Structures are given as C-alpha cells and as structure tokens.
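Listed below, chain by chain, are the residues.
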Amino acid sequence: GVFATFNTDSPLMKVSVKRDLAASLGVPIGEVMRTLQVFFGSAYVNDFTFENLSYRVYTQADHGFRNTPEAFDGIYVK
C-alpha cells in the first residue's frame, strides 16, 4: 500500500515578490526568499546531542502566525 499526505483540498496562495522594490531598498532577493521559507515552511538549523540522543533543530513560525493571508503583514526581512 502506498500512502501520501498530498491533499487536493489544501489551500493555495500565489506570492509575488516585488524584486524592483526589494533592490531599491537594498534587500537581497535571497534574503526575502529565505525569510518566506523559514516563516511559512521550515529551515534546518543544526543537530545537537542530549543524553546520548541526537536531535535535529528546525525553525518555523508557529501555526497561528502563518495560517492566514494576513500573516504576510507581520514579516520583516533584515
């Protein structure tokens, strides 16, 4: 048996980045994309060992901060 977590009923959102505006503000487009990835997806940070067990560390915004289109209002790129 094959199982997938894919669901056709999942909500979709198309995001357009204003590259010209980012460039005029001196914000590298890579930083914009990384910020979106960490905020709405996740990013690997590192591994650490605690009591002889290895743990993987990922960063991700909490569900309450990334589940609506209005969540984009709270994103800032360094």
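Look up: the structure comes first, before these words.
Residues numbered from 1 in each chain as written. Predicted model: local features only at pLDDT ≥ 70, side-chain atom pairs only at ≥ 80, totals over all residues. Heavy atoms only, no water.

**Quick notes on the overall build of the chain**
Moving on, step 1. Each helix and strand counted, the chain has 2 helices and 2 strands in total.
Moving on, step 2. The order of helices and strands in the chain, counted from the N terminus, is α-α-β-β.
Moving on, step 3. Its C-alpha radius of gyration of 17 Å places the chain more than 25% over the 12 Å reference for a compact globule of 78 residues.
Moving on, step 4. Across the 78 residues in the chain, those meeting the buried criterion constitute 13%.
Moving on, step 5. Restricting to contacts in the chain with at least 6 residues of sequence separation, those with at least 24 account for 35%. (Helix = DSSP H or I, 4+ residues; strand = E, 2+ residues; numbered from the N terminus. Rg over C-alpha atoms; globule rule 2.2 N^0.38 Å. Buried < 20%, exposed > 50% of the residue type's maximum accessible area, 1.4 Å probe, protein only. Contact = heavy atoms within 4.5 Å.)

**Side note on the environment of Thr49**
Moving on, step 1. Within the secondary structure, Thr49 is located in strand S1 (residues 43-50).
Moving on, step 2. Distance from Thr49 to Val38, taken between C-alpha atoms, is 23 Å for residues 11 residues apart in sequence.

**Some words on the packing of aromatic side chains**
Moving on, step 1. Under the counting rule described, the total for this entry stands at 4 aromatic pairs.
Moving on, step 2. Measuring from centroid to centroid gives 5.8 Å for Tyr44 and Tyr58, while their planes differ by 70°, and the two rings are edge-to-face. Taken together, the residues Tyr44 in strand S1 and Tyr58 in strand S2 (residues 53-59) connect sequence positions 14 residues apart.
Moving on, step 3. For Tyr44, a relative accessible area of 43% corresponds to the partly exposed category.
Moving on, step 4. Three or more aromatic residues link up through ring pairs in this structure, and these residues are Phe39, Phe40 and Phe72. (Phe/Tyr/Trp six-rings, centres within 6.5 Å; stacked < 30°, edge-to-face > 60°.)

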